[in-house]
Amino acid sequence: MALNIKQKIRLGTIFLLLLLVVSGVTSIYYQVALMKASENILEDNYESLEYCRSMDRKIDSLATATVPSGFDSLLSLQEANITEPGEREATRDLKAGWIKLQANTSDIAARKEMKEALDRILSLNMKAIERKNREAQRSAQGAYAVIIVVISITCMIGLTFTFNFPDVVVSPIRKLIAATSEISARNYSYRIHMDRQDEFGQLAQAFNTMSERLESFENSNLNKLIFEKARAEAVINSLKDASIGIDGNGKILFANQMALELLGLTAEQTVGRNVTELAGKNDLLRYLLENENTAPFKIVVEGRENYYIRETVEVKQTGQSSRVIVLKNITSFKELDTAKTNFIATVSHELKTPLASSDFSLKLLEDERIGQLSNEQKELVQQLKDDNRRMLRILSELLNLSQVEAGRLQVNMEAVSPYVIIDHAIGAVSNMAKEKNIRIEQQVPQNLPVMYADADKTGWVLINFFTNAIKFSPTDSLVLLRVEAAGDKLRFSVADHGPGIDSAYESRVFERYFQVPGRTANKGSGIGLAICKDFIEAMNGTVAVSSSPGEGSIFSFELFSAGDTEQGH
């Protein structure tokens, strides 16, 4: 059966009545939530409690002769948060005690006076919390009863209007629905225009008031964001290190004053611009984008060479990520490092001459034509020779190190037979191995390709690996040399049966002056392996170490082959 317009309106009004009931229940729910939220009015009291507890802990946790740090800031916060009668006087007493304690840190009476004042403040705020909570509960209960009454009256009025004035109900609801949709779309400037004096007119007025407050709140948040942005920019510009922020879309978010000076640009030319387009016109920015390494680089500023290192900080946010490029000025450290390198080179060079002279004198002492030596004297001479050789080796390593650090390391790259390097290295350490009865075993295949390397420096590295292996291996053990071709490279590895290296230190053994902790015997200068790494990398190779405590170590390096093969020996 078809329904006429009036019946449809009545059915719609009944549905609206049900909707009003549901909205009333929802109002009760939100009123209860509002009752809980009323506890927010106690925020000031809770803050006072927190300040007092923090100040109390600072007083209790520190010695008598010290003044609590950070107490001034907490006291200032408390002075700005006085809400209860009598709290101002207690805070004034607390400040008076604090002034006395600052004048005399051993004043026990002042500490006691401060503790009493804190107790009074705590008591006042606790009582206030209890009182306000009771008042809020009473207000919420009263509001709950009022809502029930209002809903009941609304139902009665709705039933009456269902049969008498359906249009009076339907039209305002439609306007309210339209307005709610606009607010949901964040159109806070939308208003309901309804020239009525009844409840719907009041509802429209309340809705318009809510819209105005939402619009004001939105604008205030915008102002707050603008303020925070200005404050962040002030902090960034105060940084001593040059800093450049780039968002996930490649736009420059900020560049502080130091960065702008290095780039030779202004903020207007930089901020908001696409970093890739800007890098096409700026060499420094292009270098920072194309090079991810952290090696120091030079920038000439006002005719003076300055050295910088770059650090990249990733800032991850929901849906996107940004990065901040920081340039740290290390010019002063670079100058100190250069002075240190020159000092090492000078001292090492000057000491080699007297050591060589003393070594010659020791050889003359061993000559029987000069005179016979007793067994004890021969032992002393041998010890002096060993010490002399050790000093000469350390000085040679220091000279090599100074060449590397000064950038004067030169490599003579040429086609070299790996067998020649192997024979030379084993011959150099054979006597040292015999002294400990250590056997050097070779796993070297035939027809290895010729290497493209500096023969002297490659041999020095292999000798250093052998020396360390023999030094840390037990007597009557084995040192294994393995050489193998891996693609277009040759891999040399020296394995020993020494104490091994903990995995925590493997990444640091090639650092300058690093020595594995806990070792007291056979300690060297800590620069031999660092020089090995510099030599191999200068020849476009790589070094590596693999070790396990108690199972020995394997030191290896890889260099490119020249392609041709050579018959083994």
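I will try to describe carefully the structure that is included in this document.

**Some thoughts on the overall build of the protein**
Here's step 1: Check the secondary structure of the protein and you find 17 helices and twelve strands.
Here's step 2: Taken across its 569 residues, the protein has 33% of its residues classed as buried.
Here's step 3: Total accessible area computed for the protein in this model is approximately 34,100 Å², and 55% of it derives from carbon and sulfur atoms.

**Side note on the side chain of Thr458**
Here's step 1: For Thr458, the location among the structural elements is in helix H15 (residues 455-472).
Here's step 2: Assessed through its relative accessible area of 0%, Thr458 is described here as buried.
Here's step 3: Only 2.7 Å separates the side chain of Thr458 from the backbone oxygen of Asp454, close enough to count as a polar contact.

**A few points about helix H11 (residues 283-290)**
Here's step 1: For H11, the set of buried residues is Leu284, Leu285 and Leu288. Taken around the axis of H11, the buried residues stretch over an arc of 100 degrees, which confines them to a single face. Of the exposed residues in H11, those oriented more than 90 degrees away from the buried face are Asp283 and Glu290.
Here's step 2: One side-chain oxygen at the N-terminal end of H11 lies 3.3 Å from the backbone nitrogen of Leu284; it belongs to Asn282.

**As for the nonpolar core**
Here's step 1: Membership of the largest hydrophobic core comes to 40 residues, with the highest contact counts inside it found for Leu462, Phe466, Leu481 and Phe557.
Here's step 2: The set of elements that each furnish at least two residues to this core consists of helix H14 (418-435), strand E8 (448-453), H15, strand E9 (478-486), strand E10 (489-495), helix H17 (528-538), strand E11 (542-548) and strand E12 (552-566).
Here's step 3: In terms of residues, this core owes the most to one element, H14, which gives seven residues.
Here's step 4: If you look at the next biggest cluster of nonpolar residues, it comprises 20 residues, including Ala242, Ile246, Ala279 and Ile299.

**Topic: the packing of H15 against H17**
Here's step 1: Axis separation between H15 and H17 bottoms out at 10 Å; the angle between their running directions is 150 degrees. Considering the angle they form, H15 stands roughly antiparallel to H17. As for how H15 packs across H17, the hand of that crossing is left-handed. Between H15 and H17, the residues in contact are Lys457, Trp460, Val461, Asn464, Phe465 and Asn468 and Gly528, Leu529, Ile531, Cys532, Phe535 and Ile536, respectively.
Here's step 2: Classifying every residue of the contact of H15 with H17 gives eight nonpolar, three polar and one charged.

**Description of the packing of helix H3 (residues 71-79) against helix H4 (residues 87-103)**
Here's step 1: At their nearest, the axes of H3 and H4 sit 10 Å apart, and the two run at 160 degrees to each other. One element, H3, and the other, H4, form an angle in the roughly antiparallel class. Judged by the sense of rotation from one axis to the other, the crossing of H3 with H4 is left-handed. Mapping the contact onto sequence places Phe71, Asp72, Leu75, Gln78 and Glu79 in H3 and Glu87, Thr91, Leu94, Lys95, Trp98 and Gln102 in H4.
Here's step 2: Among the residues forming the contact of H3 with H4, the class breakdown is four nonpolar, three polar and four charged.

**Topic: H14**
Here's step 1: Compared with an ideal rise of 1.5 Å per residue, which puts 18 residues at 26 Å, H14 spans 26 Å between its outermost C-alpha atoms and is within 8% of the ideal.
Here's step 2: Along H14, the sharpest kink reaches roughly 45 degrees, centred on Val429.
Here's step 3: Within H14, burial applies to Pro418, Tyr419, Ile421, Ile422, Ala425, Ile426, Val429 and Ala433.
Here's step 4: Two residues or fewer after H14 comes Asn437, characterised by a positive phi angle close to 55 degrees.

**Digging into empty space enclosed by the protein**
Remark: the empty space left among the atoms is shown by a probe the size of a water molecule rolled over them.
Here's step 1: Considering all chains together, one arrives at one cavity of 30 Å³ or more under this definition.
Here's step 2: Quantified by volume, the largest cavity comes out at close to 40 Å³.
Here's step 3: Lining the largest cavity we find Pro172, Ile173, Leu176, Ile192, Met194, Phe200, Leu203 and Ala204.
Here's step 4: Those elements giving two or more residues to the lining of the largest cavity turn out to be helix H6 (166-184) and helix H7 (199-237).
Here's step 5: Residue composition of the lining of the largest cavity, by class: eight nonpolar, no polar and no charged.

**Looking at the pattern of salt bridges**
Here's step 1: The tally for this structure, following the rule as stated, stands at twelve salt bridges.
Here's step 2: Asp93 is paired through a salt bridge with Arg120; the nearest N and O atoms lie 2.8 Å apart. In this pair, Asp93 is assigned in helix H4 and Arg120 in helix H5 (residues 108-164), connecting sequence segments 27 residues apart.
Here's step 3: When its relative accessible area of 28% is taken as the criterion, Asp93 is described as partly exposed.
Here's step 4: A relative accessible area of 36% means that Arg120 is categorised as partly exposed.

**Remarks on the packing of aromatic side chains**
Aromatic rings considered in pairs are described by the distance between their centres and by the relative angle of their planes.
Here's step 1: The final tally for this structure, using the stated rule, is five aromatic pairs.
Here's step 2: Where Phe465 meets Phe557, the ring centres are 6.0 Å apart and the plane angle is 55 degrees; that geometry is what we call tilted. In this pair, Phe465 sits in helix H15 while Phe557 sits in strand E12, placing the two residues 92 residues apart along the sequence. An identical accessibility class is assigned to Phe465 and Phe557; each is buried.
Here's step 3: Between the aromatic rings of Phe510 and Phe555, the centroid separation amounts to 6.1 Å while the plane-to-plane angle is 80 degrees, which identifies the pairing as edge-to-face. With Phe510 in the loop between helix H16 (503-506) and H17 and Phe555 in strand E12, the pair connects residues that are 45 residues apart, well separated along the chain. Both residues of the pair, Phe510 and Phe555, belong to the buried class.

Cut-offs applied
- Residues numbered from 1 in each chain as written.
- Predicted model: local features only at pLDDT ≥ 70, side-chain atom pairs only at ≥ 80, totals over all residues.
- Heavy atoms only, no water.
- Helix = DSSP H or I, 4+ residues; strand = E, 2+ residues; numbered from the N terminus.
- Buried < 20%, exposed > 50% of the residue type's maximum accessible area, 1.4 Å probe, protein only.
- Areas by Shrake-Rupley, 256 points an atom, 1.4 Å probe, with all protein chains shown as cover.
- Polar contact = N/O pair within 3.5 Å; in protein donor to acceptor, adjacent residues only side chain to side chain.
- Arc of directions from axis to C-beta.
- Core = buried A, V, L, I, M, F, W, Y, C linked by side-chain atoms within 4.5 Å.
- Axes fitted to C-alpha atoms, helices over the stretch in contact; angles between N-to-C directions.
- Parallel < 35°, antiparallel > 145°, perpendicular 65-115°, else oblique.
- Left-handed = near helix turned anticlockwise from the far one by under 90°.
- Contact = heavy atoms within 4.5 Å.
- Nonpolar A, V, L, I, M, F, W, Y, C, P; charged D, E, K, R; others polar.
- Expected span 1.5 Å × (residues − 1).
- Bend = angle between axes of the 7 residues up to and from the residue.
- 1 Å grid on protein atoms, 1.4 Å probe; cavity = no way out; pocket = protein on both sides within 12 Å on 5 of 7 lines; lining within 4 Å.
- Points joined across faces, edges and corners; volume = space filled by probe spheres on them.
- Salt bridge = Lys/Arg side-chain N within 4 Å of Asp/Glu carboxyl O.
- Phe/Tyr/Trp six-rings, centres within 6.5 Å; stacked < 30°, edge-to-face > 60°.

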